[in-house]
Amino acid sequence: MAGLRRMEYRGYDSAGIAIVAAGRLAVAKKAGKLANLEAELDDRHLPTSHQGIGHTRWATHGAPNDTNAHPHVSADGRVAVVHNGIIENYSQLRAELGEAGAEFMSETDTEVAAHLLARELAGNHDLLGAMRAVVGRLQGAFTLVAVDAEATDQVVAARRNSPLVVGVGDGENFVASDVLAFIEHTREVVELGQDQVVRISPSEITVVGFDGQPAEVQRYQVDWDTSAAEKGGFDWFMRKEIFEQPKAVADTLLGRYNDHGELVLDEMRGISQEDLRRVNKIVIVACGSAYYAGMVAKYAIEHWTRVPCEVEVASEFRYRDPIVDPQTLCVTISQSGETADTLMAIRHARIQGAKVIAICNTNGATIPRESDAVIYTHAGPEIGVASTKGFLTQLAACYLLGLYLAQVRGMKYSDEIRLITTELAGTPELIQRMLDDADRVYQLAHELADQNDFIFLGRHVGFPVALEGALKLKEIAYQHAEGFAAGELKHGPIAIIEPGMPVFVIVPPAGRDQLRDKVISNIQEVRARGARTIVLAEEGDAQVASYADELIWLPHVSTLLQPLLSSVPLQLFACELATVLGHDVDQPRNLAKSVTVE
Ligand code: AGP
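What you see is a predicted model; the values in this text were computed from it and never measured.

Undergrad: Which residues make up the pairing of strand 6 (residues 140-148), and what are the values?
TA: Among the 9 residues in strand 6, 9 count as buried, and that is most of the element. Across the two faces of strand 6 the burial is the same, with Gly140, Phe142, Leu144, Ala146 and Asp148 and Ala141, Thr143, Val145 and Val147 all buried. Summarising the sheet, strand 5 (residues 79-87) and strand 6 pair through 9 bridges and their orientation is antiparallel. Across the sheet, residue Gly85 finds its bridge partner in strand 6, namely Phe142. With 4 bridges joining them, strand 6 and strand 7 (residues 155-160) adopt antiparallel strand pairing. Looking across to strand 7, one finds that Thr143 is bridged to Arg159. Where strand 6 hands over to strand 7, the hairpin turn is made up of 6 residues, of which Asp153 adopts a positive phi near 60 degrees.

This is the structure in structure tokens:
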């Protein structure tokens, strides 16, 4: 329980434990915070045991309730399993198991693992063998940890694309998603690699590949204190979450196809494809960074679907007597799913007859509950007040929505969609390349730490990125920063340019249109007035280099998808500048993570 308490920041939709005592499983699990489970345990007095598993949940599939809480137990009561990640092919497995007579208790993807493990154990596998057989059937991202009531003194775990570490104790051993769970018992750790299975007993640690071959693993000492361990060794949750973005985007894009290669989206059941074909206008409502994500979405949705798309600040929307009717599709974007301005806006839209799709990172939050359909981002809990992985996964979800609408309305052939989603699927690796270059951005933050005014310029989808970059600097470095459409500069704002003023400019990839050339002209305009130009441009764009005082290279990607990359150095810059200035990056003054008041 102490380990779960340390892990609770990673997700607090529900919590549960399963222990093995006298050849039987004892399970307790409750929705809500860990305190609810602790109260349950106070009432139930489970038998004592040194062999067990536990879980705090950040819901992905299935609402946060007692039934969907982990651990999940096989029908014969022999196996309990907990899971971190997404089993992409769970629907097919659920159907296969159902046809074989399995009865499911929950809506989760995880429960298929419990049934599959039990089936393998019944076939005389041991738990490690059963785990290897089961993970061979699973697709997606998962860390699984299981116990078998008939296998005393062992716990077995497997990992693919989700973290798993082993704590090496004295006469005891541990497995967990994060060293934080056992750091008070041991700092000696074994980090498992991709596609590995581990069996621990009080005295032994056995690691094999999914193929059964013994695996060499390295032990190391963790020198973090518990506070640093919560942040995975980073100084701030925000910095940790910036570096989690490749995985967060990959997880958000995962499992979005059916067997026919068509895009499918989480829970669109409240809106029929016929409804979506009747739509003649889309209105996106959101706040802050989510609003900027909506601005990017507008470019993509209109380009792919040719449906007019408006983007509205949620707090303005319902007061301007908007034109909304049953042929309007309202799309709301909210990481927390609790933002009052956004919630009131969609209530207004629904009263006017619009259907509402929510893009949200929090399973079961108020906004998705009050929407007709939802696309969940899978960023995991975002603790830092400044949105980073929440924003980038909102972009990913908006792209998916745009492509889904184009598919449903017959505006794009499946092979055209597949081309774009294939490029999308490659963006986590490109985001990682931006992160690999973080030190250069940090150095720039140190050099500019004495500046008090920052300008961000962009065109097309670079304009919302400019606004987001300025917002990051305002909210955590408390610096005056403004984002402009680059073409607007000459209509007034250029008057504020002073010699040495830092001006960030996002340059689109070279393409058929004049977009890039126009932005280069804007760079020359501000440079002529003494600005210090920090230019974000596509790798190899030599022409731009001659106008840039600082260059941040972006890997090649299509113009519409470039915000997934260009946002990253601006996040890193703001995080480092705020750190240099000595601010609390995770809990900046005057702000809250979720603004639940209008
Ligand atoms: C962004 O860094 C801020 N945290 C803020 O603008 C945030 O995006 C806005 O309050 C909307 O929050 P939501 O996505 O939870 O609705």
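Undergrad: Summarise the packing of aromatic side chains; cite the residues concerned and give the values.
TA: Two numbers describe a pair of aromatic rings. These are the distance of the centres and the angle of the planes. Overall, the coordinates contain 7 aromatic pairs when judged by the stated rule. Seen in terms of ring centroids, Phe456 and Phe504 are 4.7 Å apart; in terms of plane orientation they differ by 5 degrees. Their pairing is stacked. Note that Phe456 is positioned in strand 19 (residues 453-458) and Phe504 in strand 21 (residues 502-506), a separation of 48 residues in sequence. Look at Phe456 and you get buried, because its relative accessible area is 1%.

Undergrad: Account for the packing of helix 10 (residues 288-305) against helix 14 (residues 389-408), with residues named and values stated.
TA: A packed helix pair is summarised by two numbers, namely the angle formed by the two axes and the spacing between the axes. Between helix 10 and helix 14, the least distance of the axes is 9 Å, while the angle of their chain directions is 25 degrees. If you check the angle between helix 10 and helix 14, you find them roughly parallel. For helix 10 against helix 14, the interelement crossing comes out right-handed. Residues Ser289, Ala290, Tyr292, Ala293, Val296, Ala297, Ala300, Ile301, Trp304 and Thr305 of helix 10 pack against Phe391, Gln394, Leu395, Cys398, Tyr399, Gly402, Leu403, Leu405 and Ala406 of helix 14. In terms of residue class, the contact of helix 10 with helix 14 is made up of 15 nonpolar, 4 polar and no charged.

Undergrad: Outline the side chain of Ser74, listing residues and values.
TA: Secondary-structure assignment places Ser74 in the loop between strand 4 (72-73) and strand 5. By relative accessible area, Ser74 is classed as buried at 4%. Among the polar contacts made by the side chain of Ser74, one reaches the main-chain amide nitrogen of Arg78 at a distance of 3.3 Å. Ignoring anything within four residues of it in the chain, the contact list for Ser74 reads Val79, Ala114 and Ala118.

Undergrad: So what's going on with the sheet that holds strand 16 (residues 328-334)? Residues and values would help.
TA: Strand order in the open sheet formed by 5 strands is 15-14-16-17-18, with parallel pairing between adjacent strands. In the strand order of this sheet, the two ends are held by strand 15 (309-313) and strand 18 (373-376), each with one partner. When strand polarity is set aside, the average angle formed by the axes of neighbouring strands in this sheet is 20 degrees. As judged from the 6 bridges shared by strand 16 and strand 17 (residues 355-360), these two strands associate in the parallel manner.

Undergrad: So what's going on with helix 16 (residues 427-436)? Residues and values would help.
TA: Owing to its 3.6 residues per turn, the α-helix aligns residues three or four sequence positions apart on the same side. Buried residues of helix 16: Thr427, Pro428, Leu430, Ile431, Met434 and Leu435, and no others. In a view along the axis of helix 16, the buried residues occupy a sector of 160 degrees, so they form one face of it. Looking at helix 16, the residues exposed on the side facing more than 90 degrees away from the buried face are Glu429 and Asp436.

Reading guide: rules and limits
- Residues numbered from 1 in each chain as written.
- Predicted model: local features only at pLDDT ≥ 70, side-chain atom pairs only at ≥ 80, totals over all residues.
- Heavy atoms only, no water.
- Buried < 20%, exposed > 50% of the residue type's maximum accessible area, 1.4 Å probe, protein only.
- Helix = DSSP H or I, 4+ residues; strand = E, 2+ residues; numbered from the N terminus.
- Pairing = 2+ DSSP bridges.
- Phe/Tyr/Trp six-rings, centres within 6.5 Å; stacked < 30°, edge-to-face > 60°.
- Axes fitted to C-alpha atoms, helices over the stretch in contact; angles between N-to-C directions.
- Parallel < 35°, antiparallel > 145°, perpendicular 65-115°, else oblique.
- Left-handed = near helix turned anticlockwise from the far one by under 90°.
- Contact = heavy atoms within 4.5 Å.
- Nonpolar A, V, L, I, M, F, W, Y, C, P; charged D, E, K, R; others polar.
- Polar contact = N/O pair within 3.5 Å; in protein donor to acceptor, adjacent residues only side chain to side chain.
- Arc of directions from axis to C-beta.

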